[in-house]
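# A structural walkthrough
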Amino acid sequence: MKLFPTTNLKAKLTEDCSIALAELKQYTEITDSLVSSWTKKTFRGQVSENEFKIISSEIGRGAICVLTGKFDGTLGEIEVRIHKAFKVMFSILLSYPFIGFGIIFFNDGFEKAVESLPILLIGLLFIRYVFIELSFNFISRIGLNKLTKIMRIEKLTKKRGTTSVKRK
């Protein structure tokens, strides 16, 4: 089990990567830091001749997912992962059930702490699989849809599976 979700995709462009990345560059505010900021552009980050590392420019939730891609001709790979700053914040959130166990252990003793362990584990699983996983899936889908439109990605395929998503 991975603590933080990532998605690895294979992408097929409708045209050469130099044209698609030039188009992406027009919609990206070029910056060295991947931090949300008010801008009229769709993305923030770095775009070079055959690769990119960007975040959505939406304030608040846009920086949760970092999109990294590398292309050669019309084929390439895209990785979507959680931004390092959000990994720290989610790690703090994931530590709450452990802190709760420690507080119960300190105040009420080991027996009460063990009795509350199933509830704390359910809380931990809820934070990981409902809160983090759903927010990652929702926000990464929004970012990938924007990227697909801008770069004219014809087809996205999950790297490990056979599931493919056809884009127009």
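Residues numbered from 1 in each chain as written. Predicted model: local features only at pLDDT ≥ 70, side-chain atom pairs only at ≥ 80, totals over all residues. Heavy atoms only, no water.

## Quick word on the environment of His83
Positionally, His83 belongs in the loop between strand 6 (75-82) and helix 2 (84-108). Residue classification places His83 among the buried residues on the basis of a relative accessible area of 16%. On a C-alpha basis, the gap between His83 and Phe110 in space is 37 Å, while along the polypeptide they are 27 residues apart. Setting aside anything within four residues of it in sequence, one finds His83 in contact with Leu34, Ile55, Ala63, Ile64 and Val66. A polar atom in the side chain of His83 sits 3.1 Å from the backbone nitrogen of Ala85. (Helix = DSSP H or I, 4+ residues; strand = E, 2+ residues; numbered from the N terminus. Buried < 20%, exposed > 50% of the residue type's maximum accessible area, 1.4 Å probe, protein only. Contact = heavy atoms within 4.5 Å. Polar contact = N/O pair within 3.5 Å; in protein donor to acceptor, adjacent residues only side chain to side chain.)

## Considerations on the packing of helix 1 (residues 17-26) against helix 4 (residues 117-151)
Where helix 1 contacts helix 4, the axes come no closer than 8 Å and their chain directions differ by 120°. One way to sum up the angle between helix 1 and helix 4 is to call them oblique. In this structure, helix 1 contributes Ala20, Leu21, Glu23 and Leu24 to the contact, and helix 4 contributes Leu147, Ile150 and Met151. (Axes fitted to C-alpha atoms, helices over the stretch in contact; angles between N-to-C directions. Parallel < 35°, antiparallel > 145°, perpendicular 65-115°, else oblique.)

## Observations regarding the packing of aromatic side chains
One pass over the structure, following the stated rule, counts four aromatic pairs. With a centroid separation of 6.2 Å and an interplanar angle of 25°, the aromatic rings of Phe52 and Phe71 are classed as stacked. You can see Phe52 sitting in strand 4 (residues 51-56) and its partner Phe71 sitting in strand 5 (residues 65-72), a full 19 residues away along the chain. Accessibility assignment for this pair places Phe52 and Phe71 in one class, buried. Measuring from centroid to centroid gives 5.9 Å for Phe90 and Phe131, while their planes differ by 90°, and the two rings are edge-to-face. Placement of Phe90 in helix 2 and of Phe131 in helix 4 is noted, with a sequence separation of 41 residues between them. For Phe90, a relative accessible area of 7% gives the class buried. (Phe/Tyr/Trp six-rings, centres within 6.5 Å; stacked < 30°, edge-to-face > 60°.)

## Brief notes about unusual backbone geometry
Positive phi, close to 55°, is recorded for Arg152, a residue that is not glycine. Tracing the sequence through the fold places Arg152 in the loop between helix 4 and strand 7 (153-158).

## Quick notes on a nonpolar patch on the surface
Together, Val88, Ile92, Tyr96, Ile99 and Ile103 make up an exposed nonpolar region whose accessible area comes to about 490 Å². Note that Ile92 resides in helix 2. (Patch = residues over 30% accessible without salt bridge, like charges linked within 9 Å, V, L, I, M, F, W, Y side chains within 5 Å. Areas by Shrake-Rupley, 256 points an atom, 1.4 Å probe, with all protein chains shown as cover. Salt bridge = Lys/Arg side-chain N within 4 Å of Asp/Glu carboxyl O.)

## Description of the pairing of strand 4
When strand 3 (residues 43-47) meets strand 4, the two strands line up antiparallel, connected through five bridges. Residue pairing in the sheet places Phe43 in a bridge with Ser56 of strand 4. Taking the residues between adjacent antiparallel strands as the criterion, strand 3 and strand 4 are bridged by three residues. Both strand 4 and strand 5 contribute to a ladder of four bridges, which runs antiparallel. Bridge assignment links Lys53 to a residue of strand 5, and that residue is Thr68. (Pairing = 2+ DSSP bridges.)

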